[in-house]
Amino acid sequence: MFEKLNSPIEKLNLAPFNQLFVKRDDLIDPYISGNKWRKLKFLLAKAAAEKKNHLVTFGGAFSNHLVATAAAAARAKLKATAFVRGEEVQNEMLLLCKLWGMRLIFVDRIRYRDKRELFDQHFLNDEDAFFIDEGGASAEAVKGCAEIIDELDNHYQHIFCAAGTGTTAAGLLKGLQNFANTQLHVVPVLKDAGFIQPEIEKYTGKSNQLFIHLDYHFGGYAKVNTELITFIKYFVSQTGILVDPVYTAKMFFAIGDLQKKGIIQADDKILALHTGGLLGLMGMKNRF
Ligand SMILES: *Cc1c(COP(=O)(O)O)cnc(C)c1O
């Protein structure tokens, strides 16, 4: 499942940019999507090496990571359990998880905070159980995301990615250590994402290649406003490339806005990482 990989780099014809490219990690797989594929690759290898056949992980009710883990587990004939944050709900994402055989355990927000504790409570004596942190955050995930840089044929001045936990950004930064002239621009989608810089540097050490843009969260995680919805409609109709409102739309919006502010130039050579997650659109169908 992790051998063949389809993630072409495409040039976008989008004014005013002359050299804006997208790495289409969204095309890797519809369900084990984008950076979640990258993050699971070495985690599943580790689980296999340790002969663990039960993946246990964590996420919100619209988590791309849960969908990806459920799909990967079913394909690899592994068991999967997820602790889902908040009260019991049903939605399109959890429907897929259930179809793939993932067991869902809903836990309130307080209990959800301590993931190791939840794992130990339920699975301490389960020798098959393999802990995967929320969003797949781990050294293995960083390693998987660093491979994105190995696939680039060209030199870029700027690389952009959206960030939740910052693990994907850490991987990219790690991969960029031998490309001192490339700047990594990270667009957190959470409000008050000051934690992101130390989180990234935990894996990479301090870097002068890292630029974090804290002002493109649109009110916080999974929050949208009319400006963002209008931008999504424009971007998708102009490029033919779908973006999700939670992550990649905010990243592409940031690229446009930073150009308007003169922080990047329309002629700069820019690569945007499309981290996938398009099922996130399903949770927002009433907003369009
Ligand atoms: C999960 C996700 C991210 C966030 O990745 P982190 O490594 O947690 O920063 C970005 N984009 C999409 C589409 C995602 O699903």
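Above this text sits the structure in question.
Calculation notes
- Starting from 1, residues in each chain are numbered consecutively following that chain's sequence as written.
- The predicted nature of this model means local features are confined to residues of pLDDT at least 70 and side-chain atom pairs, given and counted, to a pLDDT of 80 or more, with totals for whole chains, interfaces and linings taken over all residues.
- The basis for every side-chain value is the complete set of non-hydrogen atoms in the structure, without hydrogens or water.
- Two rings from Phe, Tyr or Trp (for Trp, the six-membered ring) form a pair when their centres are within 6.5 Å of each other. A pair whose planes differ by under 30 degrees is stacked, one over 60 is edge-to-face, and the rest are tilted.
- Only runs of H or I of at least four residues qualify as helices and only runs of E of at least two qualify as strands under DSSP, and these elements are numbered from the N terminus.
- Three labels apply to residues, based on accessible area from a 1.4 Å probe with only protein chains included: buried if under 20% of the type maximum, exposed if over 50%, partly exposed otherwise in between.
- Comment: the charge-over-ring label is applied if NZ (Lys) or CZ (Arg) is within 6 Å of the ring centre and within 35 degrees of the ring normal.
- We call two strands paired when DSSP finds no fewer than two bridges between them.
- Only the stretch in contact is used when a helix axis is fitted, and all axes are lines through C-alpha atoms; the angle between N-to-C directions ranges over 0 to 180 degrees.
- For salt bridges, the criterion is a side-chain nitrogen of Lys or Arg within 4 Å of an Asp or Glu carboxyl oxygen.
- Every crossover in which the path from the first strand over the helix to the second runs clockwise, viewed with the strands pointing away from the viewer, is termed right-handed.
- Note on terminology: near, applied to a residue and a molecule or strand, indicates that one of the residue's heavy atoms is within 4 Å of it.
- Polar contact is the term for a pair of N or O atoms within 3.5 Å; when the atoms are in protein, one must be able to donate a hydrogen and the other to accept it, and sequence-neighboring residues count only if both atoms are side-chain atoms.
- Accessible surface is estimated by sampling points in the Shrake-Rupley manner with a 1.4 Å probe; for residues, cover comes only from the protein chains shown.
- Each residue is assigned to one class: nonpolar for Ala, Val, Leu, Ile, Met, Phe, Trp, Tyr, Cys and Pro, charged for Asp, Glu, Lys and Arg, and polar for all the others, Gly among them.
- The distinction between a cavity and a pocket rests on a 1 Å grid over the protein atoms alone: a 1.4 Å probe fits inside a cavity but cannot get out, while a pocket stays open yet meets protein on both sides within 12 Å along at least five of seven lines, and a residue with an atom within 4 Å of a point counts as lining.
- Grid points are joined across faces, edges and corners, and a volume is the space filled by probe spheres set on the points.

**Student:** In this structure, what is going on with the packing of aromatic side chains? I would like to understand it.
**Tutor:** The description of an aromatic ring pair uses the distance of the two centres, along with the angle that the planes make with each other. Counted by the stated rule, this structure contains 13 aromatic pairs. Pairing Phe21 with Tyr156 gives two aromatic rings, centres 5.8 Å apart and planes at 70°, and the pair type is edge-to-face. Placement of Phe21 in strand 2 (residues 20-24) and of Tyr156 in the loop between helix 6 (139-150) and strand 7 (158-163) is noted, with a sequence separation of 135 residues between them. On the numbers, 5.0 Å between centres and 85° between planes, the contact of Phe218 with Phe253 is edge-to-face. With Phe218 in the loop between strand 9 (210-212) and helix 9 (226-239) and Phe253 in helix 10 (residues 248-260), the pair connects residues that are 35 residues apart, well separated along the chain. Residue classification places Phe218 among the buried positions, given a relative accessible area of 16%. Residue class for Phe253 comes out buried when judged on its relative accessible area of 14%. Here the basic side chain of Arg85 rests over the ring of Tyr112, its NZ or CZ set 5.5 Å away from the ring centre. Cation over ring: Lys143 sits above Phe42, and NZ or CZ is 4.2 Å from the ring centre.

**Student:** Even after reading the chapter, I still don't get the sheet that holds strand 9, so can you show me in this structure?
**Tutor:** Sheet strands pair by backbone hydrogen bonding; their relative direction is either parallel or antiparallel. Strand order in this open sheet of six strands is 1-2-10-7-8-9, and the pairing throughout is mixed. Two strands lie at the open edges of the sheet, namely strand 1 (9-12) and strand 9, each paired on one side alone. Direction aside, neighbouring strands of the sheet carry axes that sit 25° apart on average.

**Student:** Got a minute to help me understand the sheet that holds strand 3 (residues 54-59) in this structure?
**Tutor:** Read across the sheet, four strands follow the order 5-4-3-6 without closing on themselves; strand pairing throughout is parallel. Of all the strands in the sheet, the pair left with one neighbour each is strand 5 (103-107) and strand 6 (129-131). Here the average twist between neighbouring strands, direction ignored, is 25°.

**Student:** Just to check I follow, could you spell out the pattern of salt bridges for this structure?
**Tutor:** Within the structure shown, the criterion is met by 15 salt bridges. Notably, a salt bridge pairs Arg24 with Glu10, separated by 2.9 Å at the nearest N-O pair. Separated by 14 residues along the polypeptide, Arg24 in strand 2 and Glu10 in strand 1 bring together distant segments of the chain. According to the relative accessible area criterion, Arg24 is buried, its value standing at 9%. Overall, Glu10 belongs to the partly exposed group, its relative accessible area being 28%.

**Student:** Could you clarify how one ought to interpret the pairing of strand 5 in this entry?
**Tutor:** Burial analysis of strand 5 places four of its five residues in the buried class, the great majority of the element. Strand direction decides the pairing type here: strand 4 (residues 79-85) and strand 5, joined by five bridges, are parallel. Bridging from a neighbouring strand, Ala82 pairs with Leu104 of strand 5. Between the parallel pair strand 4 and strand 5, the chain is carried across by helix 3 (residues 92-99), and the sense of this crossover is right-handed.

**Student:** In this structure, what is going on with the site of the ligand? I would like to understand it.
**Tutor:** Near the ligand lie 14 residues; those nearest to it are Lys36, Gly164, Thr165, Thr168 and Thr275. The side chain of Asn35 places a nitrogen or oxygen atom 2.9 Å from an oxygen atom of the ligand. Gly166 has a polar backbone atom sitting 2.9 Å from an oxygen atom of the ligand. Bound to the protein, the ligand loses 97% of the 390 Å² it would expose on its own. When contributions to the shell around the ligand are tallied by element, the ones reaching two or more residues are helix 1 (35-49) and helix 7 (167-175). With three residues, the top contributor of residues to the shell around the ligand is helix 1. Its residues assigned to classes, the shell around the ligand shows two nonpolar, ten polar and two charged.

**Student:** Any chance you could explain unusual backbone geometry here in plain terms?
**Tutor:** Backbone phi values are negative for most residues with the exception of glycine, while trans is the configuration of most peptide bonds. Following Ala15, the chain continues to Pro16 via a peptide bond in cis, the omega torsion being 0°. Phi is positive for Asp192, which is not a glycine, with a value near 50°.

**Student:** What exactly am I supposed to notice about the layout of surface pockets here?
**Tutor:** One simple way to see leftover space: roll a probe sized like a water molecule over the atoms. Taken as a whole, the largest pocket encloses approximately 1000 Å³ of empty space. Gly60, Arg85, Glu134, Tyr221 and Tyr247 are, among the 41 residues lining the largest pocket, the residues nearest its centre. Counting only elements with at least two residues in the lining of the largest pocket, the list comes to helix 1, strand 3, helix 2 (64-75), helix 4 (109-112), strand 7 and helix 7. Across the lining of the largest pocket, the residue classes tally to 15 nonpolar, 18 polar and eight charged. Counted as a void, the second largest pocket has a volume near 270 Å³. Of all the secondary-structure elements, those providing two or more residues to the lining of the second largest pocket are helix 9 and helix 10. Here the element with the most residues in the lining of the second largest pocket is helix 10; it accounts for seven residues.

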